[in-house]
Each structure stands twice: as C-alpha cells, then as structure tokens.
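Chains, contacts and geometry: an overview
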Amino acid sequence: MVKTTKVLSIATVLGAAFAASADARAQSVIRNPNDHPKYSVEVEPHGVLGWADLYTSSGFGLGGRFSIPIVDPGFIPTINNNVAISFGIDWVHYTGCYYAGTHCGADYFMFPVALQWNFWLTKQWSVFGEPGLFIYHGFYNNDFCNGLVGCSNPTVTSIDPAFFVGARYHFNNRTALTMRVGYPYLSIGVSFFP
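Residues numbered from 1 in each chain as written. Predicted model: local features only at pLDDT ≥ 70, side-chain atom pairs only at ≥ 80, totals over all residues. Heavy atoms only, no water.

1. Details of the pairing of strand E6 (residues 155-170)
Basically, it comes down to this: The pairing criterion for strands is at least two bridges between them, as found by DSSP. Where helices and strands are cited, they refer to DSSP runs of H or I of at least four residues and of E of at least two residues respectively, numbered from the N terminus.
Pairing of E6 with strand E7 (residues 175-183), which is carried by eight bridges, proceeds in the antiparallel orientation. Looking at the pairing, glycine 166 lines up with arginine 180 of E7. Connecting the antiparallel pair E6 and E7 is a turn made up of four residues.

2. Examining a nonpolar patch on the surface
Selection rule: Residues form patches when they are more than 30% accessible in relative terms and have no salt bridge. Like charges link within 9 Å. Nonpolar side chains (Val, Leu, Ile, Met, Phe, Trp, Tyr) link within 5 Å. Computed with the Shrake-Rupley method and a 1.4 Å probe, the accessible areas treat only the protein chains shown as cover for residues. A side-chain nitrogen of Lys or Arg and a carboxyl oxygen of Asp or Glu constitute a salt bridge if their distance falls within 4 Å.
A cluster of nonpolar side chains, namely Phe66, Ile68, Ile70, Ile85, Phe87, Ile89, Phe111, Val113, Leu133, Ile135 and Ile159, defines an oily patch on the protein surface of about 880 Å² accessible area. If you list the elements that add at least two residues to the nonpolar patch, you get strand E2 (59-71), strand E3 (81-94), strand E4 (105-120) and strand E5 (125-141). Considering the arrangement of structural elements, one finds isoleucine 68 in strand E2.

3. Quick word on the pattern of salt bridges
The final tally for this structure, using the stated rule, is six salt bridges. Its salt-bridge partner being lysine 123, residue aspartate 35 comes within 2.4 Å of it at the nearest N-O pair. Taken together, the residues aspartate 35 in the loop between helix H1 (2-26) and strand E1 (42-50) and lysine 123 in the loop between E4 and E5 connect sequence positions 88 residues apart. Between glutamate 130 and arginine 65 there is a salt bridge, and its shortest N-O distance comes to 3.1 Å. Linking glutamate 130 in strand E5 with arginine 65 in strand E2, this pair joins segments that are 65 residues apart in sequence.

4. Some points on the confidence of the model for the protein
In plain terms, the rule: Note: pLDDT gives the predictor's confidence per residue, expressed from 0 to 100. Contacts: residue pairs with any heavy atoms within 4.5 Å of one another.
Per-residue confidence for the protein gives a mean pLDDT of 80, with 72% of residues at or over 70. In the model, residues 1-24 has pLDDT below 50 throughout and makes zero contacts with residues more than four positions away in sequence or in other chains.

5. As for the packing of aromatic side chains
Which entries qualify depends on this criterion: By convention, a stacked pair of Phe, Tyr or Trp rings (six-membered ring in the case of Trp) has centres within 6.5 Å and planes under 30 degrees apart, an edge-to-face pair has planes over 60 apart, and any other such pair is tilted. Type-normalised accessible area, obtained with a 1.4 Å probe on protein chains alone, sets the label of each residue: buried when under 20%, exposed when over 50%, and partly exposed for intermediate values.
Applying the stated rule across the entire model yields ten aromatic pairs. Between tyrosine 108 and tyrosine 136 the ring centres are 6.0 Å apart and the planes differ by 50 degrees, which places this aromatic pair in the tilted class. Here tyrosine 108, found in strand E4, pairs with tyrosine 136, found in strand E5; they are 28 residues apart in sequence, far enough to count as distant. By relative accessible area, tyrosine 108 is classed as buried at 2%. Ring centres of phenylalanine 134 and tyrosine 183 lie 5.8 Å apart, and the angle between their planes is 65 degrees; this geometry places the pair in the edge-to-face category. Of the two residues, phenylalanine 134 is situated in strand E5 and tyrosine 183 in strand E7; the sequence distance between them amounts to 49 residues. Residue class for phenylalanine 134 comes out buried when judged on its relative accessible area of 1%. Tyrosine 183 gets classed as partly exposed once you look at its relative accessible area, which sits at 27%.

6. Considerations on unusual backbone geometry
Put simply, aspartate 72 and proline 73 share a cis peptide bond, and its omega is 5 degrees. Inspection of the secondary structure puts proline 73 in the loop between E2 and E3. In this structure, proline 184 follows tyrosine 183 across a cis peptide bond, with omega equal to 20 degrees. Secondary-structure assignment places proline 184 in the loop between E7 and strand E8 (185-192). Notably, asparagine 34 is not glycine yet its phi reads approximately 70 degrees, a positive angle. By the element assignment, asparagine 34 lies in the loop between H1 and E1.

Structure representation (structure tokens):
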C-alpha cells in the first residue's frame, strides 16, 4: 500500500510538473514585444496546391519563400510582432487549362512578393498576413491537348494581387511547420530561421 501511494504521489508530481511546463510553453507572449526568435532570413521550402480562378482545375507543385525582417518590433510596438518582405518562386502543374478545356495541361511559374506581418501568440504558435502581388508565367503543354483549338496559345504572362494568411507551429527557435492559405494557392512547408 505504501509503495502504491508513493508511485501515485510521484506520478501526480510528475504529471503536475509536465502540465505546468506545458502551460508555461502555451502562455501568451503577444504582449511581450521582441519575445520571439531573432533571425536574418526565413527560408521556407513548401508544397503547393493551386486553385486560382486563372485555371480550370486544381494544380499541385513545389516552391519556396524567403522572408527578410525589415521592422522589428512591427507596426504596433507594444505587442510581439515584426514585419518582413517575403518573395519566392512556385511551380504549379495543372491538368486543365483556361483556353482549351479539360484535355490540356499547363505549367505555371509564380513569383509572389508580399509584406508579411507576423504575430507571435505563444512560444509555439505564430500567425501572419501577407498582402502583395504575384507575377505569373504559364505555358501550355500541347502534348496533352489532343488537337483542341485553344491549346495553340503557347504562353500567358500577367500580374495579379495576392493575399495570404498563415500560421506556424514552432518546433524550436530555428524550425517551424508553416501553413499558408489564400489567393492564388495554399502551401505547407517547413521554415528555417538561421
């Protein structure tokens, strides 16, 4: 009985210590300016799922972003935020194209440029908004067109506004899982903060 009580006491103390440390990690840091990792650049390789109305189907691809802090603390100096310039390149492959219907393939390169406003909520979670624009260049894959007339248009290049919101789960001060959703795609990747 004494051994059972000791084991239960130790388990209770360990459980309380673990819960206290978990609570400490989840405590809000939003009101603590500069209570976030300092970094010179964020490097983020990611996978992409495209759905923009420029295309007739969903697409998939790969890409990367680089974000360089320019204001730290950010626009609101009394909270834990910073502002960065974010830019990158994404490649997205679509199985249907705008001009030719469902039998045409297309590949697009997108070059996003955005103002990234970051907010650190806890030591593990940060969120951001990214207003900006993206330049895109698409070219149609005539091998999949099967003689459809619209596929004779070989390329398209344009610029559109972009807006994303996202969140990061920080594994530590140097690595995070990054999720982004908006126009023209969503992405999931890993951020590195050297």
